[in-house]
Protein chains: 2
Amino acid sequence: MPREITAFSNPLVKRIRTLREKKHRRDEGLFLAEGLRVLTEAREAGHLPQYLFFAADSAAHPLVRALIADVEDRGGDAIETNADILSKLSGKDNPQAVVGVYEEFTRTLDSLDRTRAGIWLVAERLRDPGNLGTILRTGDAVGAGGLILIGDCVDPFSVEAVRASMGALFTVPVVQSGWGDFLQWLRGGPGQLVGLSLDTTHDYRAARYAAPTFLLTGNEARGMPEDYAAACDLLVKIPMLGKADSLNAAVATAVMAYEVLAQQR
Amino acid sequence: MPREITAFSNPLVKRIRTLREKKHRRDEGLFLAEGLRVLTEAREAGHLPQYLFFAADSAAHPLVRALIADVEDRGGDAIETNADILSKLSGKDNPQAVVGVYEEFTRTLDSLDRTRAGIWLVAERLRDPGNLGTILRTGDAVGAGGLILIGDCVDPFSVEAVRASMGALFTVPVVQSGWGDFLQWLRGGPGQLVGLSLDTTHDYRAARYAAPTFLLTGNEARGMPEDYAAACDLLVKIPMLGKADSLNAAVATAVMAYEVLAQQR
């Protein structure tokens, strides 16, 4: 049976609330996800929360009931609560009806089967959590094998990244790696490394992509270091006709990924 | 000569700070933009701030000096200040070196010359300011004639939208319109209205686009109303291979816009 928490001063509420900070996520090995759609997608991908907070008036919804049942079956904690607590947990004025607290999961390069997909996404020093989540969501849509985060990227388990991923964090494998380790792994098998760059004349539509294609996107403000670009098999450019000569990193990644997908289908 | 403000209690600082809320932007007809790159792009597009706040230690930068000179030439107010005040104005912990306060500008449909560009972006009930700004940035990159906002969209002059646009708010014309007025204007001249939809079998890569193409993107959560879809000349679908069957609205707009651009070049 679910228990009920309605007091701000409840120690579990206080503890869960701290998971909006990376330090506490690391200490606890836990992170927050919110929204019935996202939690249901997680459940379908085999991820159930350790703690499930749900609004009392949502308990009759079949998908909420299914979540509660599965969480309790697996020894998790289903907690009936109110909008104020949900708002406090998620940091949003209009909170979703459910918030889940999940164990962090990480994968290693060696666990990836590169023959499983024609497109793989690689991002280096990605700083914006919204961009990270959006790239994961695009990765889900193009059927990418995974997202490989190189160097000092934003935390994929941050509330903003999880929110922007719309559940794709649970469906698209994420690996964090150093550049050297990634290159060594990449060169140990088939794979074309394609870098997005402004310093090339190769139009992204004229280039030809060979599966598995690893699409490398550089830092939002500075692009990728020269030696990273030099290690690519191919550098391509997305044409920009405007004043700014820049695209949002998640947008550029998506435009590229959909070109590769179109060629590979 | 610039004057100096370093007190939080300064009435102008208090007043400018309120511009982060839409109500106050409307009352004052003013909005905030930040960052040297954005303010310089605005200046090159002919927009100068009424108030320019700059960090004392940035005053030697040639682009900051150029901004100060132009603002003062035009009777504006250049104000030397510190990081704390800039942080207070922009709402960011690590503020940019310059913050500008600009007069809001709006355009009407009748002011648009549809023959000027092959691609026009149309968004209905866009709710996320980051998406709006990102779509403007993409619009700049693909050389779009403008962005037409239909119905109850988020404010393009919100701090988050301006920030995400990276200056494109100043270079890409934005019009706000009702659906009926838009349709009437559209049908008064050439123009193919193309809607992004999940309920069609037309692949976006197989379709053919005729300039000027008006790309219609629906609300982030619900897509576009049926009668909007029915009014389109063509509905197209971006393939999604994943679990979620959804893309970020700004990403979907960009993937479409780049396909149209590739066909029209």
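Not measured: the values here are computed from a predicted model.

All names here are of chain B. The element strand 4 (residues 77–81) is extensively covered by neighbouring structure, given that four of its five residues are classed as buried. As paired strands, strand 3 (residues 51–55) and strand 4 are joined by five bridges and run parallel to one another. The partner of Y51 across the bridge, within strand 4, is D77. For the handedness criterion, the β-α-β arrangement of strand 3, helix 4 (residues 62–73) and strand 4 is classed as right-handed.

Our next topic: the pairing of strand 7 (residues 147–150) of chain A. Residues and elements named next belong to chain A. Alternating positions in strand 7 separate into two faces, L147 and L149 on one and I148 and I150 on the other, with burial throughout. When strand 6 (residues 119–124) meets strand 7, the two strands line up parallel, connected through four bridges. Bridge pairing links L121 to L147 in strand 7. Following the backbone out of strand 6, through helix 6 (residues 129–142) and into the adjacent parallel strand 7, one traces a crossover that is right-handed. Sheet analysis places strand 7 next to strand 8 (residues 174–177), joined by four bridges and oriented parallel. Paired with I148 across the two strands is V175, which belongs to strand 8. In terms of handedness, the path from strand 7 via helix 7 (residues 159–165) over to strand 8 forms a crossover that is right-handed.

Turning our attention to the relation of the copies chain A and chain B. In this structure, two copies of a chain are linked by a rotation about an axis accompanied by a shift along it. The two copies are related by a screw operation: chain A maps onto chain B through 180° of rotation and 0.0 Å of translation along the axis, at an RMSD of 0.0 Å. Look at the turn and shift together and you get a two-fold axis relating the two.

Taken together, the contact pairs 33 residues of chain A with 32 residues of chain B. Interface area, chain A with chain B, both sides summed: about 2,800 Å², of which 56% is carbon and sulfur. Linking chain A with chain B are four salt bridges, by the criterion used here. One salt bridge connects E259(B) with R205(A), and the closest N-O pair in it is separated by 2.7 Å. The interface formed by chain A and chain B includes 16 residue pairs in polar contact (both at pLDDT 80 or more). Contributing elements (two or more residues each) for the side of chain A that touches chain B: helix 3 (36–44), helix 6 and helix 10 (249–264) of chain A. Of the residues belonging to the side of chain A that touches chain B, the class tally is 16 nonpolar, seven polar and 10 charged.

In this model, A211(A) is joined to P212(A) through a cis peptide bond whose omega is -10°. Among the secondary structure elements, P212(A) is positioned in the loop between strand 9 (192–196) and strand 10 (213–217). Its identity as a non-glycine residue notwithstanding, M166(B) has a phi of 50°, on the positive side. Mapped onto the elements of the fold, M166(B) is located in the loop between helix 7 (159–165) and helix 8 (168–171).

Residues and elements named next belong to chain B. If you walk through the whole model with that rule in mind, you get 28 salt bridges over all chains. A salt bridge links R15 to E28; the shortest N-O distance between them is 2.9 Å. Of this pair, R15 sits in helix 1 (residues 11–17) while E28 sits in helix 2 (residues 22–28), placing them 13 residues apart in sequence. The class for E28 is partly exposed, based on a relative accessible area of 31%. Across the salt bridge formed by R26 and D155, the nearest N and O atoms sit 3.1 Å from each other. Here the residue R26 occupies a position in helix 2, and D155 occupies one in the loop between strand 7 (147–150) and helix 7, the gap between them amounting to 129 residues. Residue class for R26 comes out partly exposed when judged on its relative accessible area of 37%. We classify D155 as buried; its relative accessible area is 3%.

Here helix 10 of chain A crosses helix 11 (residues 249–264) of chain B at 50°, and the two axes come no closer than 9 Å. Between helix 10 of chain A and helix 11 of chain B, the angle is such that the two are oblique. The hand of the helix 10 of chain A/helix 11 of chain B crossing is right-handed. Residue-level contacts link A250(A), V251(A), A254(A), V255(A) and Y258(A) of helix 10 of chain A to A250(B), V251(B), A254(B), V255(B) and Y258(B) of helix 11 of chain B. Classifying every residue of the contact of helix 10 of chain A with helix 11 of chain B gives 10 nonpolar, no polar and no charged.

Residues and elements named next belong to chain A. Read across the sheet, five strands follow the order 1-4-3-5-2 without closing on themselves; strand pairing throughout is mixed. Both edges of this open sheet fall to strand 1 (3–4) and strand 2 (30–34), since each of them pairs with a single strand only. Pairing analysis gives four bridges linking strand 3 (residues 51–55) to strand 5 (residues 98–103), with the strands arranged antiparallel. Bridging from a neighbouring strand, F54 pairs with V98 of strand 5. Docked against the sheet, helix 4 (residues 62–73) engages strand 3, strand 4 (77–81) and strand 5, running at close to 155° with respect to strand 3. Contacting strand 2, strand 3, strand 4 and strand 5, helix 5 (residues 83–90) crosses the sheet at an angle of about 135° to strand 3.

Residue and element names in this part refer to chain A. A complete count under the given rule lists 28 aromatic pairs over all chains for this structure. Seen in terms of ring centroids, F105 and F157 are 5.4 Å apart; in terms of plane orientation they differ by 90°. Their pairing is edge-to-face. Residue F105 is located in the loop between strand 5 and strand 6, and its partner F157 is located in the loop between strand 7 and helix 7; the two are separated by 52 residues in the primary sequence. With a centroid separation of 5.8 Å and an interplanar angle of 80°, the aromatic rings of W185 and F214 are classed as edge-to-face. Here W185 is found in helix 8 (residues 179–186), whereas its partner F214 is found in strand 10, with 29 residues between them in sequence. Relative accessible area serves as the criterion here: at 0%, F214 is assigned to the buried category. The aromatic ring of W185 is capped on one face by R114, whose charged end is 4.3 Å from the ring centroid.

This brings us to the domain arrangement of chain A. Residue and element names in this part refer to chain A. Taken domain by domain, chain A comprises domain 1 (3–103) and domain 2 (109–264). The C-alpha centroid of domain 2 is placed 31 Å from the C-alpha centroid of domain 1. Every contact between the two is made by 17 residues of domain 1 and, on the other side, 12 residues of domain 2. The interface formed by domain 1 and domain 2 holds three salt bridges in total. The interface formed by domain 1 and domain 2 includes five residue pairs in polar contact (both at pLDDT 80 or more). For the side of domain 1 that touches domain 2, the secondary structure elements donating two or more residues are helix 2 (22–28), strand 2 and helix 3. Among the residues making up the side of domain 1 that touches domain 2, the classes are represented as seven nonpolar, two polar and eight charged.

Conventions and cut-offs
- Residues numbered from 1 in each chain as written.
- Chains lettered and ligands numbered in written order.
- Predicted model: local features only at pLDDT ≥ 70, side-chain atom pairs only at ≥ 80, totals over all residues.
- Heavy atoms only, no water.
- Buried < 20%, exposed > 50% of the residue type's maximum accessible area, 1.4 Å probe, protein only.
- Helix = DSSP H or I, 4+ residues; strand = E, 2+ residues; numbered from the N terminus.
- Pairing = 2+ DSSP bridges.
- Right-handed = clockwise from strand over helix to strand, strands pointing away.
- Least-squares fit on C-alpha atoms with pLDDT ≥ 70 in both.
- Contact = heavy atoms within 4.5 Å.
- Buried area = accessible area lost by both parts, 1.4 Å probe.
- Salt bridge = Lys/Arg side-chain N within 4 Å of Asp/Glu carboxyl O.
- Polar contact = N/O pair within 3.5 Å; in protein donor to acceptor, adjacent residues only side chain to side chain.
- Nonpolar A, V, L, I, M, F, W, Y, C, P; charged D, E, K, R; others polar.
- Axes fitted to C-alpha atoms, helices over the stretch in contact; angles between N-to-C directions.
- Parallel < 35°, antiparallel > 145°, perpendicular 65-115°, else oblique.
- Left-handed = near helix turned anticlockwise from the far one by under 90°.
- Phe/Tyr/Trp six-rings, centres within 6.5 Å; stacked < 30°, edge-to-face > 60°.
- Lys NZ or Arg CZ within 6 Å of the ring centre and 35° of its normal.
- Domains from an automatic or database assignment.

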